[in-house]
Amino acid sequence: MLCIIVASSSRAQDTLRLTVPQAEEIFLKNNLSLLAAQYNIKSQEALIKQAKAWDNPVLSTDQNLYDGKFFRHGKGSNDIPKDGGQIYISLQQVIRTANKRGLQMQLAQDATKSSEAQFNDLMRNLRYVLTTDLNNLAQLQNIARIYETEITNTQKMVRGMEEMYKIGDISLKDNVRIKALLYSLQSDYVDNLRQQQDLQKDIRTMLHITDNVFVSVQSAALDLQQIQAIALAPLLDSVKKIRPDVALANTQLTLQQHNLSYQKALAVPDVTVGLEYDKANSYVPNYYGLLLSLPLPVLNKNRGNIVSAQWSIKQWQTQLQQMQTVAQNEVLSAYNKLMTLVNVQRSVGDWQNSYDKLLQNMIESYRQRKVSLVDFIDFFDSYKETKIRQWQQQTNLLNAIAELNYVTNQNVLSLK
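Residues numbered from 1 in each chain as written. Predicted model: local features only at pLDDT ≥ 70, side-chain atom pairs only at ≥ 80, totals over all residues. Heavy atoms only, no water.

(A) Seen up close, the overall build of the protein chain. Within the protein chain, the secondary structure is distributed over 11 helices and six strands. Whereas a compact globule of 416 residues would reach a radius of gyration of roughly 22 Å, the protein chain reaches 38 Å, over 25% beyond that. Taking the principal axes of its C-alpha atoms as reference, the protein chain extends roughly 135 × 55 × 35 Å. Out of the 416 residues in the protein chain, the part that is buried amounts to 40%. Expressed as a percentage of contacts within the protein chain between residues at least 6 apart in sequence, the contacts between residues at least 24 apart total 81%. (Helix = DSSP H or I, 4+ residues; strand = E, 2+ residues; numbered from the N terminus. Rg over C-alpha atoms; globule rule 2.2 N^0.38 Å. Buried < 20%, exposed > 50% of the residue type's maximum accessible area, 1.4 Å probe, protein only. Contact = heavy atoms within 4.5 Å.)

(B) Representation of the layout of surface pockets in the model. In this structure, the largest pocket encloses a volume near 380 Å³. In this structure, the largest pocket is lined by 23 residues; those nearest its centre are E24, R127, T131, N405 and N411. Only α2 (20-30), α4 (100-166) and α11 (373-408) provide two or more residues apiece to the lining of the largest pocket. With seven residues, the top contributor of residues to the lining of the largest pocket is α4. Residues belonging to the lining of the largest pocket are distributed by class as follows: 12 nonpolar, eight polar and three charged. (1 Å grid on protein atoms, 1.4 Å probe; cavity = no way out; pocket = protein on both sides within 12 Å on 5 of 7 lines; lining within 4 Å. Points joined across faces, edges and corners; volume = space filled by probe spheres on them. Nonpolar A, V, L, I, M, F, W, Y, C, P; charged D, E, K, R; others polar.)

(C) Expanded view of the packing of helix α3 (residues 32-52) against α4. The interhelical angle for the contact between α3 and α4, taken along N-to-C directions, is 175°, at an axis separation of 8 Å. The orientation of α3 relative to α4 falls into the category roughly antiparallel. The class makeup of the residues in the contact of α3 with α4 is 13 nonpolar, nine polar and four charged. (Axes fitted to C-alpha atoms, helices over the stretch in contact; angles between N-to-C directions. Parallel < 35°, antiparallel > 145°, perpendicular 65-115°, else oblique.)

(D) Just the side chain of D270, in detail. Relative to the assigned elements, D270 resides in the loop between α8 (244-266) and β5 (271-278). With relative accessibility at 17%, the residue D270 sits in the buried group. For D270, the side chain forms a polar contact with the side chain of R96, separated by 3.2 Å. Separated by 3.2 Å, the side chain of D270 and the backbone nitrogen of T97 make a polar contact. Here D270 is in contact with V94, I95, R96, T97, K100, S293, L294 and P295, once residues within four sequence places are set aside. (Polar contact = N/O pair within 3.5 Å; in protein donor to acceptor, adjacent residues only side chain to side chain.)

(E) Molecular detail of the pattern of salt bridges. Applying the stated criterion to the full structure yields 15 salt bridges. The partner of R96 in a salt bridge is D270, and the shortest N-O contact between them spans 3.2 Å. In this pair, R96 is assigned in the loop between β3 (87-95) and α4 and D270 in the loop between α8 and β5, connecting sequence segments 174 residues apart. Exposure remark for R96: the relative accessible area of 36% places this residue in the partly exposed category. In this structure, the salt-bridge partner of R124 is D245, at a minimum N-O distance of 3.6 Å. Placement of the pair is R124 in helix α4 and D245 in helix α8, with a sequence separation of 121 residues. Taken individually, R124 and D245 each receive the classification buried, so the pair is uniform in this respect. (Salt bridge = Lys/Arg side-chain N within 4 Å of Asp/Glu carboxyl O.)

(F) Layout of the confidence of the model for the protein chain. Scored by pLDDT, the protein chain comes out at a mean of 88, with 91% of its residues at no less than 70. Across the protein chain, element-level confidence peaks in α8 with a mean pLDDT of 96 and bottoms out in helix α1 (residues 2-12) with 47. Contacts of residues 1-11 to residues separated by more than four positions or lying in other chains number nine contacts, the stretch itself having pLDDT below 50. (pLDDT = per-residue confidence, 0-100.)

(G) Quick peek at a negative patch on the surface. Together, D375, D378, D381 and E385 give the surface a local cluster of negative charge. Within the secondary structure, D381 is located in helix α11. (Patch = residues over 30% accessible without salt bridge, like charges linked within 9 Å, V, L, I, M, F, W, Y side chains within 5 Å. Areas by Shrake-Rupley, 256 points an atom, 1.4 Å probe, with all protein chains shown as cover. Lys, Arg positive; Asp, Glu negative; His and termini not counted. Charge placed at Lys NZ, Arg CZ, Asp CG, Glu CD.)

(H) Seen up close, the pairing of strand β4 (residues 213-217). Judged by how many residues are buried, β4 sits mostly within the fold: five of five residues are covered. Covered by surrounding structure in β4 are V213, V215 and V217 together with F214 and S216, the residues of both alternating faces. The sheet contact formed by strand β1 (residues 14-18) and β4 spans five bridges and is parallel. When the bridges of β4 are listed, D14 appears paired with V213. (Pairing = 2+ DSSP bridges.)

(I) Expanded view of α11. Given a rise of 1.5 Å per residue, 36 residues ought to cover 52 Å, and the 52 Å separating the end C-alpha atoms of α11 matches this to within 8%. Remark: N409 follows α11 within two positions and exhibits a positive phi of approximately 55°. (Expected span 1.5 Å × (residues − 1).)

(J) Seen up close, the sheet that holds β3. Within the open sheet, the four strands sit side by side as β2-β3-β5-β6. Their pairing is antiparallel. With partners counted over all chains shown, the strands left at the sheet margins are β2 (58-63) and β6 (287-293), one partner each. Taking each pair of neighbouring strands and ignoring which way they run, the sheet shows an average axis angle of 15°. Bridge analysis of β5 against β6 gives seven bridges, and the strand direction is antiparallel. Of the residues in β6, the one forming a bridge with T272 is S293.

Spelled out as structure tokens, the structure:
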């Protein structure tokens, strides 16, 4: 009953039939995590423009507040001759030395490149998760069809054996045994549907599908000769250049090198240039002055930040070497796993196609009492396990291809 309810619920949903390439196309357009990462890149690009901006000039003034009257700036008096009142105005501009502004722009550009590398790495990871989830969902859906076929055949047998039991043609033991087999198949089928729903949730989230849609995945076709033709050496040569996590480590190293230059530049004092006007508080009634100021680098020479930047460079040099080693070893491991699975798949042959015919013959033989119930159930279980392992083997092969594409950050094999 539960099996029928769950199956009817699935059929009530709209079905979205997808291949892996079609799902990837939707993913690139709709995934919210990718959109958020793209916004982060735009944010970093805006900081590049901000780094180009000059510091604002500073305008300051000093006026008398009260000298018997508030803000006396008009005609003078006996106590304060002439125009009366004090007015002081200063306009100052900071001029950054040692190319600090250019180095700030460079650091902002490095931060943007880091955001781009993070975006590419996020896209690589999410695409791998999506592909493996689709492959696993396709496996479960193919296995579900095996359960459906076996449940249909077993239900027919249960109805027939129930009539035979009523007339005393079979024993209660055989009747209960075949019903127990049906119950076991239905339980496995419901568990299969539950696992499908977990994957359906993840896939709909990554594709940003908010409707109650049932995703049906079409299994990809495999060309074993094309897989075996993959050359390892070019993959190892290119992985240091196109892996986004390696590019991120390389960008961080460049950023720290530029940061060292910037910290050294900060030790050089900036110059402040300005103009001053004083109305009535100098040796002349209207004073015009030139302002020049700079801090003296005596107590703080920014040595701590300079040393910190030097150690950060060594840190990221080590990190970059580590990432390059990890990338190459991941490519080697993924390639070897893929070739092992291909060799296993080639050694299987096409004997599995005749297994379906053998099942039908076995069912007919049991109906004709040519085989015992124990032998029939043993074969039935063996058939089910073999077909499940067949789909598991194909899914392992597809996931191994997805892993090789993931660790190399390129479509070494494009499946249709």
